[in-house]
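# Fold and geometry: a report
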Amino acid sequence: MCWRPTCWVRRASAGSKLDVEDDVTNILIFGVTGMTGGAVAEAALGCAWFRVTGFTRMLQGEAYDELVSKGVSVFTGDMNKPYTIKEAMDNIDTVFLTTTYWETMNAETEYQQGFNVVTAAVQCQVKHIIYVGAEYSMVTAAERCKCLEGKAMIENYIVSTGIPYTIVRLGFYFENFLSLFKPHQTSKNDFAIALPMANHGLNCGSIIDFGHCIAKLALRPDTYVFKTLKLATSYLTVTDIAEKLNTYFPDLNFYNPKIPLSAYRKFDFEGATELTTMFAHYRSLHEWDRTTAMELYSYNRTFEQWLKDTDRVLLEIIFENMDNFASDNVFRDAQEMMKKKLLDTVPLTYFFQSIFSSGSSQKTEVRKGTFIDQPGKKPSRHEV
């Protein structure tokens with residue numbers, strides 16, 4: 001039970017237990033053990049307006065136990081099996097859906113999984129579905145991008161059903177620098193940020209903050225229904241990112257190797273072609289308006305603020321194989337990292353226990369204050 005000030009006021013001001021229960025949003029989160037679904041679950045768990053159910057294939061394990069301990073009702077099922085999806089949607093108001101290409105490396109499979117969830121939501125008369133989508137990249141990048149194609153098809157299907165929806169397109173996660181796209185050590189104190197963006201800007205932000213944005217829009221379906229929202233908190237070039245890292249870590253040297261797309265495509269790891277087309281798509285995008293993201297969550301962090309929260313973990317990760325240097329052309333461990341599918345499937349516990357837990361050996365400062373915990377502010381449901 002949440003005893004944060006605003007949630008306590010909400011309970012105290014409710015006329016009866018029935019009134020409280022009637023106002024609760026029952027949210028079902030797909031991909032709850034992954035990076036994106038985990039961030040949404042973490043934000044929703046901090047607010048008494050939600051009752052959280054997670055959908056996962058995991059029957060046990062650290063991520064599963066972590067969810068249960070935090071109060072998530074975990075439903076085990078398979079997105080490839082429609083009957084298990086419908087069973088999970090009993091008494092659900094809002095469905096949060098994220099799908100991944102990297103698990104099967106097949107856009108058609110990703111689309112089928114999304115199709116199954118959306119169809120079940122329509123049949124179960126779910127009031128609102130929120131989907132993390134992507135526009136069809138050939139519209140902007142003039143090249144087929146399989147890792148975005150399935151999401152674009154799911155978007156189109158959602159719109160065609162008539163179900164109340166909100167589609168969100170999220171910027172590049174800062175947390176990707178802690179996994180697949182971590183800075184690569186090229187000499188003792190030199191680190192390359194191996195994103196093939198040249199001098200193009202990248203819409204980006206923290207998945208933790210995006211989770212709060214999504215949780216808040218789930219409480220305001222009338223405001224955001226039948227809309228496609230682009231959420232980012234920063235617009236940075238790789239050189240900008242390197243300069244900010246150099247300012248924060250003055251004893252180290254981070255730099256932009258300005259990898260051409262043609263060279264990135266030739267890297268020897270599974271998924272290099274898909275990632276190349278994804279970055280080609282990112283290059284084609286202009287800077288997104290950040291007004292909506294700030295309206296949803298005014299405590300969104302800049303890259304510098306994110307570094308303050310994550311600095312020790314970032315250092316631990318980039319120095320984990322100290323003196324085992326990469327070259328500028330073939331970056332160390334790329335194939336192994338891709339095989340682990342870290343881009344979309346990093347466990348929930350990695351980000352919310354290893355990184356932000358006070359019990360971590362590399363303790364970091366956890367930023368205080370969320371949209372449901374502001375001193376002196378006692379919002380109604382629609383003010384949250």
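Up top is the structure.
The text that follows walks through the structure, step by step, so that each part is easy to find. (Residues numbered from 1 in each chain as written. Predicted model: local features only at pLDDT ≥ 70, side-chain atom pairs only at ≥ 80, totals over all residues. Heavy atoms only, no water.)

## Things to note about the overall build of the protein
When you go through the protein residue by residue, the secondary structure sums to 17 helices and 13 strands. When burial is assessed residue by residue, the protein has 56% of its 384 residues classed as buried. Long-range pairs, those at least 24 residues apart, make up 78% of the contacts in the protein between residues at least 6 apart in sequence. About 16,600 Å² of surface is accessible on the protein, with carbon and sulfur atoms providing 49% of the total. (Helix = DSSP H or I, 4+ residues; strand = E, 2+ residues; numbered from the N terminus. Buried < 20%, exposed > 50% of the residue type's maximum accessible area, 1.4 Å probe, protein only. Contact = heavy atoms within 4.5 Å. Areas by Shrake-Rupley, 256 points an atom, 1.4 Å probe, with all protein chains shown as cover.)

## Here we look at unusual backbone geometry
Not every positive phi belongs to a glycine, and Asn91 is a case in point at roughly 65°. The residue Asn91 is located in the loop between helix H5 (82-88) and strand E4 (94-97) in this model. Asn91 sits in the exposed class, given a relative accessible area of 57%. The phi angle at Ala198 is positive, at roughly 50°, despite the residue not being glycine. Inspection of the secondary structure puts Ala198 in the loop between strand E9 (190-192) and strand E10 (202-205).

## Examining the nonpolar core
In this structure, Phe172, Ile193, Leu195, Leu245, Phe254, Phe279 and Phe303 are the most contacted members of the largest nonpolar core, which totals 48 residues. Those elements that place two or more of their residues in this core are helix H7 (146-161), E10, helix H10 (238-248), helix H12 (272-284) and helix H14 (303-318). No other element matches H14, which puts 7 residues into this core. When neighbours within four sequence positions are excluded, Ile193 is seen to be in contact with Phe177, Val238, Ile241, Ala242, Leu245, Phe254, Tyr255, Asn256 and Pro257. Val32, Phe96, Leu296 and Tyr297 belong to the second largest nonpolar core, which has 38 residues in total. (Core = buried A, V, L, I, M, F, W, Y, C linked by side-chain atoms within 4.5 Å.)

## Section: the sheet that holds strand E8 (residues 184-187)
Strand order in the open sheet made by the 3 strands is E8-E9-E13, with mixed pairing throughout. Across the chains shown, the open sheet's two edge strands, defined by having one partner strand only, are E8 and strand E13 (253-255). Neighbour-to-neighbour, the strand axes of the sheet open up by a mean angle of 35°, direction not taken into account. Bridging between E8 and E9 involves 3 bridges; their strand directions are antiparallel. Note that in E9 the partner of Gln185 across the bridge is Phe191. (Pairing = 2+ DSSP bridges. Axes fitted to C-alpha atoms, helices over the stretch in contact; angles between N-to-C directions.)

## Section: the packing of H10 against H14
Their axes nearest at 11 Å, the elements H10 and H14 cross at an angle of 60°. Of the two elements, H10 crosses H14, and the hand of that crossing is right-handed. Note on element contacts: H14 touches H10 through Phe303, Glu304, Leu307, Lys308, Asp311 and Leu314, opposite Ile241, Lys244, Leu245 and Tyr248. For the contact of H10 with H14, a count of residues per class yields 6 nonpolar, no polar and 4 charged. (Left-handed = near helix turned anticlockwise from the far one by under 90°. Nonpolar A, V, L, I, M, F, W, Y, C, P; charged D, E, K, R; others polar.)

## A look at the environment of Val72
Here Val72 is to be found in the loop between helix H4 (62-69) and strand E3 (73-76). In this view, Val72 contacts Leu45, Val52, Thr53, Gly54 and Leu67; residues no more than four positions away in its chain are not counted.

## Details of the pairing of strand E1 (residues 25-30)
The buried fraction of E1 is high, at 6 of 6 residues. Along E1, one buried face is formed by Thr25, Ile27 and Ile29 and the opposite face, lined by Asn26, Leu28 and Phe30, is buried too. Bridging between E1 and strand E2 (residues 50-56) involves 6 bridges; their strand directions are parallel. Paired with Ile29 across the two strands is Gly54, which belongs to E2. What joins E1 to E2 is helix H3 (residues 35-45), and the crossover it makes is right-handed. (Right-handed = clockwise from strand over helix to strand, strands pointing away.)

## What to know about the pattern of salt bridges
Under the counting rule described, the total for this entry stands at 11 salt bridges. In this structure, the salt-bridge partner of Glu155 is Arg169, at a minimum N-O distance of 2.8 Å. Here Arg169 lies in strand E6 (residues 165-170) and Glu155 lies in helix H7, a separation of 14 residues in the sequence. Residue Glu304 is joined to Lys244 by a salt bridge in which the shortest nitrogen-to-oxygen separation is 2.7 Å. With a gap of 60 residues between them, Glu304 in helix H14 and Lys244 in helix H10 connect regions that are remote in the sequence. Given a relative accessible area of 36%, Glu304 falls into the partly exposed group. Within this structure, Glu42, Glu66 and Lys70 form a network of salt bridges that share partners. (Salt bridge = Lys/Arg side-chain N within 4 Å of Asp/Glu carboxyl O.)

## Description of H14
With 16 residues, H14 should cover 22 Å at 1.5 Å per step; its first-to-last C-alpha distance of 17 Å lies more than 12% under that length. Along H14, the sharpest kink reaches roughly 70°, centred on Thr310. Among all positions in H14, only Phe303, Trp306, Leu307, Asp309, Thr310, Asp311, Val313, Leu314, Ile317 and Ile318 are buried. (Expected span 1.5 Å × (residues − 1). Bend = angle between axes of the 7 residues up to and from the residue.)

## Looking at the sheet that holds E4
One key point about sheets: their strands pair by backbone hydrogen bonds, in either a parallel or an antiparallel sense. Read from one edge to the other, the open sheet built from 7 strands follows the order E3-E2-E1-E4-E5-E6-E11, with strand pairing classed as parallel. On the outer flanks of this sheet lie E3 and strand E11 (227-231), each paired with one strand and no other. When the angles between neighbouring strand axes are averaged without regard to direction, this sheet yields 20°. As defined by bridge partners, E4 adjoins strand E5 (residues 128-132) across 4 bridges and the pair is classed as parallel. Paired with Val95 across the two strands is Ile129, which belongs to E5. The strands that H3 touches are E1, E2, E4, E5 and E6; relative to E1, the one it contacts most, it runs at about 160°. Running at roughly 160° to E5, H7 makes contact with E5 and E6 of the sheet.

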